[in-house]
Amino acid sequence: MLAALLTGTAAFAQQRPLDIALEHVRTHYADWNLTSQDVEDMVVSDQYTDKSTGIFRVYFTQQYQGVPVYNAILNLSITKDGKVFHVGKRFVPELASKVNSTLPALTAEDAVRKVIAHLELASEPLQLVRKEGELEFVFAKGNLTIRDIKAKLRYHVGKQGVQLAWNVEFAPKKSSDQWSMLVDAASGEILRKDNWTTYCKLEPGMFRHVDGGSNEAAHHVHEAVTYDFSLVNEPLYNVWPL
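Quantities reported herein were computed from a predicted structural model and do not represent experimental measurements.

Moving on: the side chain of D184. Along the chain, the position of D184 falls in strand β9 (residues 179-184). Within the buried set, D184 has no salt-bridge partner at all; the shortest N-O distance to an opposite charge, 10 Å, is to K114. Among the polar contacts listed, one links the side chain of D184 to the side chain of Q163, at a separation of 3.1 Å. For D184, the contacting residues outside a window of four places in its chain are L106, Q163, L164, A165, E189 and L191.

A few words now on helix α5 (residues 108-118). Buried within α5 we find A108, A111, V112, V115 and I116. One side of α5 carries all its buried residues, which in axial view fall inside an arc of 145°. Summarising the contacts, the buried residues of α5 are in contact with β6 (136-139), β7 (149-158), β8 (161-170) and β9. Just downstream of α5, E120 is the residue with a positive phi angle, here 55°.

What follows is about the pairing of β8. Note on strand geometry: in a regular strand, side chains alternate between the two faces of the sheet. Buried residues dominate β8, accounting for nine of its ten residues. The pairing of β7 with β8 spans nine bridges and is classified as antiparallel. Within β8, the residue paired with L153 across the bridge is W166. Connecting β7 to the antiparallel partner β8 that follows it, the hairpin turn spans two residues. The pairing of β8 with β9 spans six bridges and is classified as antiparallel. In the sheet register, E169 faces β9, and the bridge partner there is S180.

As for its placement among the helices and strands, H156 is situated in strand β7. For H156, a relative accessible area of 11% gives the class buried. The residues touching H156, leaving out its near neighbours within four places in the chain, are G161, V162, Q163, A165, L182, L191 and R192.

The subject of this paragraph is the nonpolar core. Core analysis: the largest hydrophobic core is formed by 31 residues, its most contacted members being V112, I149, Y155, W166, V168 and F170. If sequence neighbours within four positions are ignored, Y155 has contacts with Y64, V67, P68, V69, Y70, V99, S101, T102, V162, Q163 and L164. In this structure, L22, V39, V58 and F60 belong to the second largest nonpolar core, which totals 18 residues.

What counts and what doesn't
Residues numbered from 1 in each chain as written. Predicted model: local features only at pLDDT ≥ 70, side-chain atom pairs only at ≥ 80, totals over all residues. Heavy atoms only, no water. Helix = DSSP H or I, 4+ residues; strand = E, 2+ residues; numbered from the N terminus. Buried < 20%, exposed > 50% of the residue type's maximum accessible area, 1.4 Å probe, protein only. Lys, Arg positive; Asp, Glu negative; His and termini not counted. Salt bridge = Lys/Arg side-chain N within 4 Å of Asp/Glu carboxyl O. Polar contact = N/O pair within 3.5 Å; in protein donor to acceptor, adjacent residues only side chain to side chain. Contact = heavy atoms within 4.5 Å. Arc of directions from axis to C-beta. Pairing = 2+ DSSP bridges. Core = buried A, V, L, I, M, F, W, Y, C linked by side-chain atoms within 4.5 Å.

As C-alpha cells, this is what we get:
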C-alpha cells in the first residue's frame, strides 16, 4: 500500500499545473452551468507561475468554431502543491444556441471603413499587408494611423445575444487615442468602443506642497497613458483537448 501511495505521489508531482487546470475544468464545467461544447474549443490566452508564492495562474478564452468570444475568460489559480483554490468564470453558457452567425456579411475592410467614418476621418485606399486565415487581417497604416490597422473576427456578448463582429484596432495620426472597436459583422453597427489611452489632467493647486513653478505647470499638464493592444484579449491558438 505504501509503495502504491508513493507511486501515486510521484505521478502527482510530475503532473503539470496546466494539466491539473484542464482536468478541473473537465470535471467541474457542469457545476458552472456550462456544456461540454462550451469548453471544448477553449484556448490558453496566458499562463504563468508567481515566483514569490509558487501559485500557477492560467487563463482560457472561450471560442466557437475557432472564433474567440470577446472577454469570455475562465481563469484558475493553483497552489504549488497542485490544489485549485480559485476559479473565475466568464464563459457564456450554451454558447452555440446564442450565436447569431458564423459567417460575416461585412469584410474586414468594410469594418475598418466603418471605424474611419465613425471617427469622421478622411478615407483613403486600404492596402492589405497580411492575413491569418479568415480571422485576422492587417492593413497598412498609410496616412491614417501611427501603426498598421488590425481587424480580427470575434464574438461580442451583448443584449442582442452573441454577435459576430470585427474587432478593429485603430490608432489615428495626430492623436494619442488608440481605439479598439467592435463592428457588427452583419449590420456595420459599432457595438463597443474602447480607448486604450487614459488621459490625466492635473488641476491648479495640486502641487501646493512644492514650489510655485510646479503649481504653475499644473495648469498645462495633460498626459496620456496608452495601453498596448497586444496585451489585451490575445489568445494563443493552442487547443487543449479535454
